[in-house]
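Residues per chain are reported as follows:
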Amino acid sequence: MLPLTILYQDDDLVAVHKPAGLLVHRSQLARGEREFLLQRLRNQLNRRVYPVHRLDRPTSGVMVFGFSSEVAARLSAAFSERQVEKRYLAVVRGVAPEQERLDYPLREEDGTRPKAQMPAMPAMTDIRRLDSVELPVQVDRYPVARYSLIEARPLTGRRHQIRRHLSRRGYPIIGDAKHGKSIHNRFFAERFAAPRLLLAATWLAFDHPQQSKRVQLSCALDDTMTALFEHLGWAGHLPVDIVRTPPCSEGRSSISPV
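Residues numbered from 1 in each chain as written. Predicted model: local features only at pLDDT ≥ 70, side-chain atom pairs only at ≥ 80, totals over all residues. Heavy atoms only, no water.

## As for the overall build of the protein chain
If you tally the helices and strands in the protein chain, you get 5 helices and 14 strands. A compact globule built from 258 residues would reach a C-alpha radius of gyration of about 18 Å, and the protein chain, at 19 Å, matches this within 12%. C-alpha extents for the protein chain along the principal axes are approximately 55 × 45 × 40 Å. Looking at the 258 residues of the protein chain, the share that counts as buried comes to 49%. Within the protein chain, counting contacts between residues at least 6 apart in sequence, those at least 24 apart form 64% of the total. With an accessible surface of roughly 13,200 Å², the protein chain has 46% of that area assigned to carbon and sulfur atoms. Side chains of the protein chain give 39 positive and 28 negative charges; the mean places of these two sets differ by 5 Å. (Helix = DSSP H or I, 4+ residues; strand = E, 2+ residues; numbered from the N terminus. Rg over C-alpha atoms; globule rule 2.2 N^0.38 Å. Buried < 20%, exposed > 50% of the residue type's maximum accessible area, 1.4 Å probe, protein only. Contact = heavy atoms within 4.5 Å. Areas by Shrake-Rupley, 256 points an atom, 1.4 Å probe, with all protein chains shown as cover. Lys, Arg positive; Asp, Glu negative; His and termini not counted. Charge placed at Lys NZ, Arg CZ, Asp CG, Glu CD.)

## Topic: the side chain of Ser-218
Mapped onto the elements of the fold, Ser-218 is located in strand 12 (residues 214–218). Classification of Ser-218 by relative accessible area gives buried; the value is 12%. A distance of 2.6 Å separates the side chain of Ser-218 from the backbone oxygen of Val-240, its partner in a polar contact. Ignoring any residue separated from it by four or fewer positions in sequence, one finds Ser-218 in contact with Thr-202, Trp-203, Pro-239, Val-240, Asp-241 and Ile-242. (Polar contact = N/O pair within 3.5 Å; in protein donor to acceptor, adjacent residues only side chain to side chain.)

## Points about the packing of aromatic side chains
Taken as a whole, this structure holds 6 aromatic pairs when the rule is applied. With a centroid separation of 4.8 Å and 85° between ring planes, the pair formed by Tyr-147 and Phe-188 is classed as edge-to-face. A residue pair is termed long-range when its members are at least 10 positions apart, and Tyr-147 in strand 10 (residues 145–154) and Phe-188 in helix 4 (residues 182–192) qualify at 41 residues. Accessibility expressed as a relative area gives 0% for Tyr-147, which makes it buried. A residue is classified by how much of its surface remains accessible, and Phe-188, at 0% relative accessible area, is buried. An aromatic cluster is defined as three or more aromatic residues linked by ring pairs; in this entry it consists of Tyr-147, Phe-187, Phe-188 and Phe-192. Above the ring of Trp-203, the side-chain terminus of Arg-87 is found at 4.5 Å from the ring centroid. (Phe/Tyr/Trp six-rings, centres within 6.5 Å; stacked < 30°, edge-to-face > 60°. Lys NZ or Arg CZ within 6 Å of the ring centre and 35° of its normal.)

## Section: unusual backbone geometry
Its identity as a non-glycine residue notwithstanding, Arg-82 has a phi of 60°, on the positive side. By secondary structure assignment, the location of Arg-82 is in the loop between helix 2 (69–80) and strand 5 (85–93). Non-glycine residue Ala-193 carries a positive phi angle of around 50°. By secondary structure assignment, the location of Ala-193 is in the loop between helix 4 and strand 11 (199–207). Classification of Ala-193 as exposed rests on a relative accessible area of 54%.

## Re the pattern of salt bridges
Overall, the coordinates contain 12 salt bridges when judged by the stated rule. Note that Arg-146 and Glu-134 form a salt bridge whose closest N and O atoms lie 2.8 Å from each other. Linking Arg-146 in strand 10 with Glu-134 in strand 9 (residues 124–135), this pair joins segments that are 12 residues apart in sequence. Across the salt bridge formed by Arg-153 and Glu-151, the nearest N and O atoms sit 3.2 Å from each other. Glu-151 sits in the buried class, given a relative accessible area of 10%. The network of salt bridges with common partners includes Glu-85, Arg-87, Arg-128, Glu-151 and Arg-153. (Salt bridge = Lys/Arg side-chain N within 4 Å of Asp/Glu carboxyl O.)

## Considering the confidence of the model for the protein chain
Per-residue confidence for the protein chain gives a mean pLDDT of 91; residues scoring 70 or more make up 90%. Note on residues 251–258: pLDDT under 50 across the span, and 17 contacts to partners over four residues away in sequence or across chains. (pLDDT = per-residue confidence, 0-100.)

## Describing the pairing of strand 4 (residues 60–66)
Among the 7 residues in strand 4, 7 count as buried, and that is most of the element. With 6 bridges connecting them, strand 2 (residues 13–18) and strand 4 associate as antiparallel partners. Of the residues in strand 4, the one forming a bridge with Lys-18 is Gly-61. With 2 bridges connecting them, strand 3 (residues 50–51) and strand 4 associate as antiparallel partners. Looking at the pairing, Tyr-50 lines up with Gly-66 of strand 4. Bridge analysis of strand 4 against strand 11 gives 2 bridges, and the strand direction is parallel. Each residue of the ladder has a partner; that of Ser-60, found in strand 11, is Ala-200. (Pairing = 2+ DSSP bridges.)

Encoded structure:
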């Protein structure tokens, strides 16, 4: 098993690239699972780490952990209070809007009771189309197949928010077994060897909980999504692993490629 990619580490926190398909920690939904990001990171660093936020199991990308429960709690509060900037890249069906704010309330999906009984909570996601492609193949009922590369910036933190918002708007993410369309998912799995949810957390920015600096983390895509971007002509949109740590009160930044 390959070591986890460490994007950033100091005395208080660590940021890693979470692989797609890996659960973050044990839960009621993790019956029979033996591999978890939390435990792998603890074993790799030989020290305890504490989760700050979450990523869905099929989503890859940057995640932050604290080295103490106090630091993790402060960072978690920053996420809850919308003080953290998050960006994702997603491959979706169709030619998505050039730019739009998706403002659809969502019911929580915590598994404790039927979703219809859960209250609808405010949820907003800003999306921007970075690129699109038209393939001369009939995947569904049309003679050509169109797909888009989307940058999504969730302004709230509801479960499966980006996946549900894009699906409701009519542009489901490729590889989404729950909110997408199986015929397009199979096409990408068979044609492009991309049998996974094509959603990646590529950017996080937050004020350091212990130091007077802002931490800005850019996370590269995994091999599957990188190969897909190159095949579709989207290589110019590939992110790279970069850390920026400008002082909170200034605009200057020191850039440290990982």
